[in-house]
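# Structural overview
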Amino acid sequence: MKGFFLKAACFWTFSILNCGPIMAQIVDLHSETPYKKIFVHTDNFGASYLEILEESYPKLKTDSLRFSMLNDLAYYWHTRNLVKAMVFTQEGLDLSRKKKDLLWEGRFQITQGAIFLRMEKLDDAQVVLEAAKDKVQESDLAFLNTQLGYVYERRGQLDKAADYALVSLHLGEKRNDAKAIALAYSDLSNLFWKQSKFETGLEYGLKSLKVFEQRGITDLDYDFTLYVVGNNYLGMGEYEKAKQYYEHSLVIGERYGFYNNLSDVYISLTDLYAYLGEFTKAGEAGRKALKYAELLENEFMVMRSWLSLGKLQNLQGDHGTAITSLQKSIAVATVNFGDEFYLSQVYQALGKAYAGNQDYQRAYLAFAQYDTLKNKIFTAEADQRTSRLRTEFDLANKEGTILLQETLIKKQRARQTLIILIAALLLLLLLLSYKAIQNKFKVNRILQRQNEEKAFLLKEIHHRVKNNLEIVSSLLSLQSAQIHDSDVLEAMRESQHRVHSMGMIHQKLYMGENLAAVEMKDYFGHLGDYIINAFGAEDRITLKVDMDSLELDVDMAIPVGLIVNELLTNALKHAFPNARKGKITIGLREMGKKLRLDVIDDGVGKIMESKMQGTGFGTQLIEILTKQLDGKMFLNINKGTAVSIQFELHKAA
């Protein structure tokens, strides 16, 4: 949030200075472009903007411009008053049907679906959105699918919601539509937050903000994404960062009058201040959340506002008042309310309130209702589907990890198969080259084509090897989530790190220009960052890669990478106890015809003697790999731990 306060000051200054000329900037009936669309051509969404649209759209002679302005009028009223927004939407539907304009009828139906959604009329929203699909253009479909995803999200069907987010992403990429891409990332961030996968949610939220900021327009969805990122930070316990994103969102929401986003943020601020023990501020935030929800006439927001106040009152020990607030929340959430995620939270808080009031029978019933709703939402199928969807997102953008394969044994067999395939392909290339000699006129063209095919195939092979390794890593991660034995869990995680270190080698090969060698300085930096982040030690451990650029062939790079992985893991496990801060230095240098690898930490020392605390497999692996390289290992534990390994240069493992 660097520069947050400067941005906030700029927003308010801009609003004051531009209030007067907004009419001329938005609507000029004598211009070739009489209507500058808000949040497309400009972000000057002043206080009188909606009044200007309401006054201007009947004067337009062109139907398409009139429909466009009327649709914007309807859509942006839904951020302030849902009933009024629906009036304008119905007028747009009536006019478009009278003119027999199917395209604009479909677009007004999308807007109507968004309004139904916020009125918690989920079935009505789904019906009009599905009806609009065959009427609108491809450019409208990403936003349509986003709204359908919201419908399933509100119903608690997070897996289906994620499916629609993926469809929106593919449509955005196909059309190079930055906003559609940003919205898809934002939706995925929100879905992972609802599943309490806060780190993953934060990752996609920050990616969404980056795309939004590259567009250079501050709009409703950018404002909402700031709120979602704040929620993920709040879930991770990083309260100050969460507060910064919430405050940034409030500045935008208050400037533009986004009542729905303001209510959202104040609900989260109620929880944040409650966690910090600042109950007075929490109460003020809860009342503001309720105020904006009632101005919007949005029952979903009203219900959540009473929920936030009830949770706060529970923390204050005022269980009687909490019961009243939570019962108001349930009263708003009718049978057709739809959003089982928040409704489950209400019953959980109500159970705590009854228990605090010593009414254990009602507490039991409330907790039973909470369990029922929670089990509907957080199913194993939904969790697995959203996990698979993350894989599909990462594949589409060539980032992250892949979650598809089954076991480490399958990975090893797949690698052997690939090696055989490489040999067969190389043999085929040699045979083709031999035949090409018979025709001198064609030799250059054939050789050139073969070289291009070879390069492509090698890149593809390295890419697939890397993918298979990451699949195994991801499966180990999924399996780890179901393991409760700490020793087994540690072994699984260490195996995951080893697989990842090998995968990074193949990633460097297929992404680099040299298909046979890996640049080790950059590789060590990425490997070190990955291991440190995996241990959650990025705030206290500094990594330094002290070496010049140096390339190694893949047969040497893989065992060297595994050795560094084990030494880093051993250092992070044993060298810095009790959250001690420190530094780890990695170096690899040529010494004549030899190479020397150094891994040095300034920790407590003697970490190599700690192998008996675990399985000792890591230390055995280092010894085996060192012998495989015909190397010798030297250990110094006087100040921290320094491990040096010398081995022959350019000798394949």
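Just above sits the structure.
Definitions and limits used
- Counting starts from 1 at the beginning of each chain's written sequence and moves along it residue by residue.
- Owing to the predicted nature of the model, reporting of local features is limited to residues with pLDDT of at least 70; listing and counting of side-chain atom pairs is limited to 80 or more, with chain, interface and lining totals taken over all residues.
- The side-chain figures draw on all heavy atoms in the structure; neither hydrogens nor water molecules are used.
- Whenever Lys or Arg places a side-chain nitrogen within 4 Å of a carboxyl oxygen from Asp or Glu, that contact is recorded as a salt bridge.
- Strands are runs of DSSP state E lasting at least 2 residues, helices are runs of H or I lasting at least 4, and numbering of each runs from the N terminus.
- With a 1.4 Å probe rolled over the protein chains alone, any residue whose accessible area is under 20% of its type maximum counts as buried; one over 50% counts as exposed, and the rest are partly exposed.
- The distinction between a cavity and a pocket rests on a 1 Å grid over the protein atoms alone: a 1.4 Å probe fits inside a cavity but cannot get out, while a pocket stays open yet meets protein on both sides within 12 Å along at least five of seven lines, and a residue with an atom within 4 Å of a point counts as lining.
- Grid points are joined across faces, edges and corners, and a volume is the space filled by probe spheres set on the points.
- Three classes are used: nonpolar for Ala, Val, Leu, Ile, Met, Phe, Trp, Tyr, Cys and Pro, charged for Asp, Glu, Lys and Arg, and polar for all others, with Gly counted as polar.
- Candidates for patches are residues over 30% relative accessible area with no salt bridge; among them, like charges are joined within 9 Å and nonpolar side chains (Val, Leu, Ile, Met, Phe, Trp, Tyr) within 5 Å.
- Note that accessible areas follow from Shrake-Rupley with a 1.4 Å probe, and for residues the cover is restricted to the protein chains shown.
- Grouping buried Ala, Val, Leu, Ile, Met, Phe, Trp, Tyr and Cys residues that are joined through side-chain atoms within 4.5 Å yields what is termed a nonpolar core.
- Residues count as neighbours in contact if any of their non-hydrogen atoms are within 4.5 Å of one another.
- Here a polar contact is recorded for every N or O atom pair within 3.5 Å, except that within protein the pair must consist of a potential hydrogen donor and a potential acceptor, and residues adjacent in sequence are included only if both atoms are side-chain atoms.
- Any two of the Phe, Tyr and Trp rings considered here, Trp counted by its six-membered ring, make a pair once their centres fall within 6.5 Å; the pair's planes then place it as stacked at under 30 degrees, edge-to-face at over 60, or tilted in between.
- Two strands are counted as paired when DSSP detects at least two bridges linking them.
- Axes here mean lines fitted to C-alpha atoms, for a helix over just the part in contact, with angles spanning 0 to 180 degrees between N-to-C directions.

This next bit is on the pattern of salt bridges. Counting across every chain of the model gives 20 salt bridges. Across the pair Asp140 and Arg107 runs a salt bridge whose closest N-O atoms are separated by 3.0 Å. One end of the pair, Asp140, is in helix H8 (residues 138–154); the other, Arg107, is in helix H6 (residues 102–118), with 33 residues separating them in the sequence. On the accessibility criterion, Arg107 (16% relative accessible area) is buried.

We now examine empty space enclosed by the protein. The full count for this structure, using the stated rule, is 6 cavities of 30 Å³ or more. Put simply, the largest cavity is a space of about 350 Å³. What lines the largest cavity is a set of 26 residues, among which Arg118, Tyr150, Arg154, Phe224 and Asp264 lie closest to the centre. Sort the elements by how many residues they give to the lining of the largest cavity and H8 lands first, with 6 residues. For the lining of the largest cavity, the per-class residue count stands at 12 nonpolar, 6 polar and 8 charged.

For the rest of this paragraph, the subject is a nonpolar patch on the surface. On the surface, Leu427, Leu430 and Leu431 cluster together into a nonpolar patch covering about 310 Å² of accessible area. With respect to the helices and strands, Leu430 occurs in helix H21 (residues 408–436).

Attention now goes to the nonpolar core. As a rule of thumb, soluble globular proteins bury nonpolar side chains together. One finds Leu73, Tyr246, Leu269, Tyr342, Tyr347 and Leu350 to be the most contacted residues of the largest nonpolar core, which totals 111 residues. Not counting the four nearest positions on each side in its chain, Tyr246 is found in contact with Tyr227, Gly230, Asn231, Leu234, Val265, Ser268, Leu269 and Leu272. Core analysis: the second largest hydrophobic core is formed by 45 residues, Ile558, Leu562, Val599 and Phe647 among them.

Next up on the list: the side chain of Thr626. When you line up the elements, Thr626 lands in helix H26 (residues 617–628). Looking at Thr626, the relative accessible area reads 6%, which means it is buried. At 2.7 Å, the side chain of Thr626 and the backbone oxygen of Ile622 are in polar contact. Beyond its immediate chain neighbours, meaning those up to four positions away, Thr626 contacts Ile563, Gly631, Lys632, Met633 and Ile645.

Looking now at the packing of aromatic side chains. Applying the stated criterion to the full structure yields 16 aromatic pairs. Between Phe67 and Trp104 the ring centres are 6.1 Å apart and the planes differ by 45°, which places this aromatic pair in the tilted class. Here Trp104 lies in helix H6 and Phe67 lies in helix H4 (residues 63–77), a separation of 37 residues in the sequence. Summarising the burial analysis for this pair, Phe67 and Trp104 share the class buried. Aromatic side chains Tyr266 and Tyr292 sit 6.1 Å apart centroid to centroid with 5° between the ring planes, which places their arrangement in the stacked category. Here the residue Tyr266 occupies a position in helix H14 (residues 259–275), and Tyr292 occupies one in helix H15 (residues 279–296), the gap between them amounting to 26 residues. By the burial criterion, Tyr266 is buried, and Tyr292 matches it. Through a chain of ring-to-ring contacts, the aromatic side chains of Phe67, Trp104 and Phe108 assemble into a single cluster.

What follows covers the pairing of strand E7 (residues 641–648). For E7, the tally of buried residues reaches 6 of 8 residues, placing the bulk of the element in the interior. Alignment of strand E5 (residues 594–601) against E7, held across 8 bridges, turns out to be antiparallel. Paired with Asp601 across the two strands is Thr641, which belongs to E7. In this sheet, E7 lies alongside strand E6 (residues 632–636) in antiparallel orientation, the contact comprising 5 bridges.

Ordered in space as E2-E4-E5-E7-E6, the 5 strands form an open sheet in which the pairing is mixed. Edge positions in the open sheet fall to strand E2 (541–545) and E6, since each of these has one partner strand only. Taken over all neighbouring pairs, the strand axes of this sheet differ in orientation by 10° on average, direction set aside. As judged from the 8 bridges shared by strand E4 (residues 582–591) and E5, these two strands associate in the antiparallel manner. Across the sheet, residue Glu590 finds its bridge partner in E5, namely Leu595. Its contacts with the sheet put helix H25 (residues 554–574) on E2, E4, E5 and E7, and the angle it makes with E5 is roughly 20°.

Geometric values such as these leave the question of function open.
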